[in-house]
Amino acid sequence: MQWKTRLTSMLGIRYPIIQGGLAYLAYSELAAAVSNAGGLGQITAMSLSSPNDLRNEIHKVRAKTKRPFGVNFAIGQHGRPFTDMLNVAIEEKVPVISMTGGNPTPVFEQLKGVDVKKLVLVAAKRQAVKAEDLGADAVMVVGQEGGGHIGKEDISTMVLVPQVVDSVSIPVIASGGIGDGRGFMAALSLGAEGIEMGTRFIATKECVHAHQNYKQALIDASENDTSVIKRSLGAPGRVIRNSWTDQILEIEKIDPTYEAIKSYISGDANCAYVHNGHEDGFGWAGQIAGRIKDVPSVEELFDRIIKEAGTVRERWNDTEY
Ligand SMILES: Cc1cc2nc3c(=O)[nH]c(=O)nc-3n(C[C@H](O)[C@H](O)[C@H](O)COP(=O)(O)O)c2cc1C
């Protein structure tokens with residue numbers, strides 16, 4: 001069964017499945033495994049401490065796969081400069097650069113004349129239209145179910161994706177709340193030409209930087225076990241709920257300022273949980289955690305998704321409506 005869309009042709013991948021940027025989790029092991037399985041793996045640039053570390057990580061991906069991969073830039077991270085990091089990605093001629101979390105205009109300026117596919121992750125229709133105007137090759141659209149930063153307006157993937165599909169002419173990639181073949185087919189039905197997954201990839205064998213406690217929390221979670229923090233700062237993000245995130249919500253109620261919760265939402269607090277499994281910290285995760293029940297290899301996960309999507313296609317073909 002073929003899974004060709006404009007996205008697979010544009011990126012040179014077999015399946016229109018993208019592994020989203022994953023702060024402190026998406027390094028060479030995961031990115032290469034996803035690309036080897038036929039999707040697009042990505043490393044997350046801003047989790048690395050220096051441009052040289054990014055160069056090394058890119059070399060590590062290339063040693064593990066000959067397939068296309070991407071480098072993701074979360075450009076809004078507390079104003080941390082990304083120019084030098086982006087220069088490394090340009091010098092290394094990475095095939096795909098994705099960006100999110102801020103105004104992408106400076107990234108497009110730096111990428112002028114560079115032969116690279118540019119993907120922008122957005123959470124609202126107007127952002128998608130702007131990304132297309134700036135020259136994006138495709139947009140990823142994340143609904144409020146998703147893990148990590150989401151839109152301020154609480155629009156679900158189901159509603160947002162067709163809105164964006166009808167508003168831009170470039171390929172749209174659905175993101176947020178997808179973890180299996182049914183979600184994949186639902187996204188294609190909405191007019192998306194591919195999917196992006198974040199949370200589902202954390203619970204894979206090759207996501208080696210995710211602590212066992214984090215993976216287990218995803219397995220144990222129901223769809224009710226996530227919270228949205230940082231709403232009071234105008235930058236909502238979905239996390240797996242624990243005592244630390246409950247404390248954040250309490251503080252946000254009393255003192256909704258960045259200063260008040262800064263130490264609770266820092267990269268250190270994120271890594272304490274994600275890398276070390278400490279409850280004194282937090283991990284981003286989406287509602288799809290409620291449907292994660294195991295930790296397969298990335299290849300097993302792809303096989304499962306493609307098989308399930310194939311079954312749905314066959315069922316549609318055999319059904320008289
Ligand atoms: C742990 C985690 C970290 C994330 N970090 C980033 C990031 O650094 N850059 C980015 O573009 N998106 C980031 N995201 C968003 C994902 O790329 C993706 O859009 C989102 O997870 C999709 O929703 P899902 O979790 O329901 O699959 C992150 C998501 C999670 C769960």
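Anything mentioned here points back to the structure above.
Below is a short write-up of the structure. (Residues numbered from 1 in each chain as written. Predicted model: local features only at pLDDT ≥ 70, side-chain atom pairs only at ≥ 80, totals over all residues. Heavy atoms only, no water.)

### A few points about the overall build of the protein chain
Spelled out, the test is: Secondary structure is summarised from DSSP: a helix means a run of H or I of at least four residues, a strand means a run of E of at least two, and numbering begins at the N terminus for each. Radius of gyration here is computed from C-alpha atoms only, and the compact-globule reference equals 2.2 Å multiplied by the residue count raised to the power 0.38. Here's how the labels work: a residue is buried when its accessible area is under 20% of the maximum for its type, exposed when over 50%, partly exposed in between, all with a 1.4 Å probe on protein chains only. Note on contacts: a residue pair is in contact if any heavy atoms of the two residues lie within 4.5 Å. Calculation of accessible area relied on Shrake-Rupley with a 1.4 Å probe; when residues are assessed, cover is drawn exclusively from the protein chains displayed. The charge count includes Lys and Arg as positive and Asp and Glu as negative, but it does not include His or the ends of the chains. Here the site of a charge means NZ on Lys, CZ on Arg, CG on Asp, or CD on Glu.
Within the protein chain one finds 14 helices and 11 strands. Expected size for 321 residues packed as a compact globule is a radius of gyration near 20 Å; at 18 Å, the protein chain falls within 12% of this value. Its C-alpha atoms put the protein chain at 55 × 45 × 40 Å along the principal axes. The proportion of buried residues among the 321 residues of the protein chain is 54%. The contacts in the protein chain between residues at least 6 apart in sequence include a share of 63% that link residues at least 24 apart. Here the protein chain displays about 13900 Å² of accessible surface, and carbon together with sulfur accounts for 49% of that area. Within the protein chain, the 38 negative side-chain charges are centred at a point lying 4 Å from the centre of the 34 positive side-chain charges.

### Looking at the site of the ligand
Going by this rule: Consider each residue's heavy atoms; a residue with any of them within 4 Å of a molecule or strand counts as near. What qualifies as a polar contact is a pair of N or O atoms within 3.5 Å, subject to a donor-acceptor requirement within protein and to the restriction that residues adjacent in sequence count only when both atoms come from side chains. Polarity classes work like this: nonpolar for Ala, Val, Leu, Ile, Met, Phe, Trp, Tyr, Cys and Pro, charged for Asp, Glu, Lys and Arg, and polar for all others, with Gly in that last group.
Near the ligand there are 21 residues, and of these Gly-21, Gly-177, Glu-196, Gly-198 and Thr-199 occur at the shortest range. With respect to the ligand, the backbone of Gly-147 contributes an N or O atom lying 3.1 Å from an oxygen atom. Ser-175 places a side-chain nitrogen or oxygen 3.2 Å from an oxygen atom of the ligand. Elements with a contribution of two residues or more to the shell around the ligand: strand E9 (194-197) and helix H9 (199-202). For the shell around the ligand, a count of residues per class yields 8 nonpolar, 12 polar and 1 charged.

### Here's the deal with the packing of helix H3 (residues 51-64) against helix H4 (residues 83-91)
Our working definition: For helices, the fitted axis covers only the stretch in contact; all axes are lines through C-alpha atoms, and the angles between them, taken along N-to-C directions, range from 0 to 180 degrees. For classification purposes, an angle smaller than 35 degrees is called roughly parallel, one larger than 145 roughly antiparallel, one from 65 to 115 roughly perpendicular, and anything else oblique. Rotating anticlockwise by less than a right angle from the far helix to the near helix defines a left-handed crossing, while the corresponding clockwise rotation defines a right-handed one.
Packing of H3 against H4 leaves a shortest axis separation of 9 Å and a crossing angle of 30 degrees. Regarding the angle of H3 to H4, the classification is roughly parallel. Here the hand of the crossing between H3 and H4 comes out right-handed. Across from Pro-51, Leu-54, Arg-55 and Ile-58 in H3, the residues of H4 making contact are Asp-84, Met-85, Val-88, Ala-89 and Glu-91.

### Digging into the pattern of salt bridges
This is how it is decided: Think of a salt bridge as a Lys or Arg side-chain nitrogen and an Asp or Glu carboxyl oxygen that are within 4 Å of each other.
One pass over the full model with this rule turns up 16 salt bridges. With its nearest N and O atoms 2.9 Å apart, the salt bridge here joins Glu-92 to Arg-55. Here the residue Glu-92 occupies a position in the loop between H4 and strand E4 (96-100), and Arg-55 occupies one in helix H3, the gap between them amounting to 37 residues. The exposure class assigned to Glu-92 is buried, which follows from its relative accessible area of 15%. Glu-153 is paired through a salt bridge with Arg-126; the nearest N and O atoms lie 3.8 Å apart. Of this pair, Glu-153 sits in the loop between strand E7 (148-149) and helix H7 (157-165) while Arg-126 is found in helix H6 (residues 125-134), placing the two residues 27 residues apart along the sequence. If you follow the salt bridges from partner to partner, you end up with Arg-55, Arg-62, Glu-91 and Glu-92 in one network.

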